[in-house]
Amino acid sequence: MSRLEMRAASGLAGLYALRMLGMFLILPVFAVYAGHLPGGDNHAMVGLAFGAYGLTQALLQLPFGMWSDHVGRKKVIYIGLALFALGSIMCALADHIVWLIIGRAVQGAGAISAAVTALLADLTREENRTKAMAMIGASIATTFAVSLVAAPTLAQLIGLPGIFLLTAFLTVSAMIGVWKIIPNPTISRFHSDAEANTSRLPQVLKDPQLLRLNYGVFALHAAQMAMFTVMPLMLKNIGGIDVAHHWWVYLPVVLVGFVLMVPAIIYGEKKRHLKEVFVFAIALMLIAQLGMTLWLPSLTAIVIWLGIYFIAFNILEATQPSLISKIAPTAAKGTAMGVYNTCQSASMFMGSALAGWLYQHYNSATPVFALCAGLMAVWLVVSWGMQPPLPVKTQMFHIGEDWSGNAAELSAKLGAIDGVKEAVVLIEERVALLKVLQDGWDEAAAQQLIAETN
């Protein structure tokens, strides 16, 4: 990558990290500290507060991305970050659970993920875009792990209001970073590989393979939010651990999850057994949730099931976007990812809201874990019939700005190259998108054809 591309990618990865840090920091402590607010003795209301962020995020994520095509990427990002900061301040000042719900909803209204991805696409060349996206993915994963460990100590030191104020400060810092660090794009255009296209929604929504993955991300994150709605209470009530020391549990299980994820992903990708690894991880997740449902007598049991949970979670979190990329039609990859991300946000609301209601109604975490186990059982059945994905990757090439040849003819020529499974030339985006075999495709032939357009 060039210096400009590295600056853009690292800056936007940092922006993602700062914003996600504010969201992740509350995960392991929210249920305990929100319960101290007036009205917080109603766990159903706590669940709504926890998940309200996901509801507005799901509703506004795709519209904000499309809006950025018309008014500019940075303008939408500034507005979204301002909403996130405002919501954080509202949450910090909330003196009743209802105000916490409203503040969380305002936080989620700052739905800038699609706009950030589009800006990254504007600022990186086609051949470097996958690397840049990987930098953002790594920043999110790292932030999640750090948050689980740091949040309990921070909550003890500054409380939940303090974490929300810290979040507001980090968000303002991110706005300054967008202004000072992130370059302005020379050309801003629509990118099919990174943005949702409403005209391609029917194609994506009718694809049974993609529907399986959309249900999967919904189940995975609904269960995550449901679990974190009650797990802090379990660690305190069953494990006998003060909230400030919950990191004693989270640190080892998160580390084990990350370490064991790596060989599983390598085996799935390199040995072409991605479906088997994927289904195995779902089954492992089901075992963890059934274990929490049926046998949770002590801290030792909690640690065991959480360890299994995080191994499965990390594998699934890493493999699902890869499967989307392999399965989605080449020209609809951005649309498929947009639908996938919307399902993820919606699940955050549904999972925490249902978990809060179940805990309030039954005064027990068992029905919550049973709900999660049910989601996993359905997912296991649904994924069993999934077709093994082809061992492919996406390659992108820039089409010369002055080239005025026949796009359909060039697509056909590219598609006829050895190892190319799908090719499409999008002349309005000045890009050729190819889905090619991971090993053994004739890249030199493709480069020669592309060179004729420049």
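Here, every reference points to the structure presented above.
Residues numbered from 1 in each chain as written. Predicted model: local features only at pLDDT ≥ 70, side-chain atom pairs only at ≥ 80, totals over all residues. Heavy atoms only, no water.

Right, let's get into the nonpolar core. Phe-30, Met-231 and Leu-306 are the most contacted members of the largest nonpolar core, which has 123 residues in total. A total of 16 residues in this core trace back to one element, the largest contributor, which is helix H9 (residues 208–237). Leaving out residues up to four positions away in the same chain, Leu-306 has contacts with Met-227, Met-231, Val-249, Tyr-250, Val-253 and Met-292. Of all hydrophobic cores here, the second largest spans 17 residues; its members include Trp-403, Ala-407, Leu-434 and Ala-446. (Core = buried A, V, L, I, M, F, W, Y, C linked by side-chain atoms within 4.5 Å. Buried < 20%, exposed > 50% of the residue type's maximum accessible area, 1.4 Å probe, protein only. Helix = DSSP H or I, 4+ residues; strand = E, 2+ residues; numbered from the N terminus. Contact = heavy atoms within 4.5 Å.)

One pass over the structure, following the stated rule, counts seven salt bridges. With a shortest N-O distance of 2.8 Å, Asp-122 and Arg-73 are connected by a salt bridge. A residue pair is termed long-range when its members are at least 10 positions apart, and Asp-122 in helix H6 (residues 113–123) and Arg-73 in helix H4 (residues 73–93) qualify at 49 residues. In terms of burial, Asp-122 and Arg-73 fall into one category: buried. The salt bridge involving Arg-272 is made with Asp-439; its shortest N-O contact spans 3.8 Å. Taken together, the residues span a long stretch of sequence, with Arg-272 in the loop between helix H10 (247–270) and helix H11 (274–294) and Asp-439 in the loop between strand S3 (431–437) and helix H16 (443–451) at a distance of 167 residues. The exposure class of Asp-439 is exposed, given its relative accessible area of 53%. (Salt bridge = Lys/Arg side-chain N within 4 Å of Asp/Glu carboxyl O.)

What follows concerns the environment of Ala-196. For Ala-196, the location among the structural elements is in the loop between helix H7 (129–180) and helix H8 (201–205). Accessibility expressed as a relative area gives 14% for Ala-196, which makes it buried. When the C-alpha positions of Ala-196 and Gly-338 are compared, they lie 5.6 Å apart, and in sequence the two are 142 residues distant. Among all residues touching Ala-196, those that are not within four sequence positions of it are Leu-62, Met-66, Phe-190, Gly-334 and Thr-335.

In spatial order, the strands read S1-S3-S2; together these three strands make up an open sheet with antiparallel pairing. Looking at the sheet topology across the chains shown, the edges are occupied by strand S1 (392–398) and strand S2 (420–426). Going from strand to strand, the sheet's axes swing by 15 degrees on average, the running direction of each strand aside. Alignment of S1 against S3, held across seven bridges, turns out to be antiparallel. Counterpart to Phe-397 in the pairing with S3 is Ala-432. (Pairing = 2+ DSSP bridges. Axes fitted to C-alpha atoms, helices over the stretch in contact; angles between N-to-C directions.)

On to the packing of aromatic side chains. One pass over the structure, following the stated rule, counts 11 aromatic pairs. Seen from their ring centres, Trp-247 and Trp-248 are 6.4 Å apart, and the 75 degrees between their planes marks the pair as edge-to-face. Between the aromatic rings of Tyr-309 and Phe-310, the centroid separation amounts to 5.1 Å while the plane-to-plane angle is 85 degrees, which identifies the pairing as edge-to-face. For Tyr-309, a relative accessible area of 1% translates into the label buried. In this structure an aromatic cluster arises from ring pairing among Phe-24, Phe-144, Tyr-309, Phe-310 and Phe-313. Sitting over the ring of Phe-30, Arg-104 keeps its end group 5.8 Å from the ring centre. In this arrangement the basic side chain of Lys-180 is found over the ring face of Trp-179, its NZ or CZ atom lying 4.1 Å from the centre. (Phe/Tyr/Trp six-rings, centres within 6.5 Å; stacked < 30°, edge-to-face > 60°. Lys NZ or Arg CZ within 6 Å of the ring centre and 35° of its normal.)

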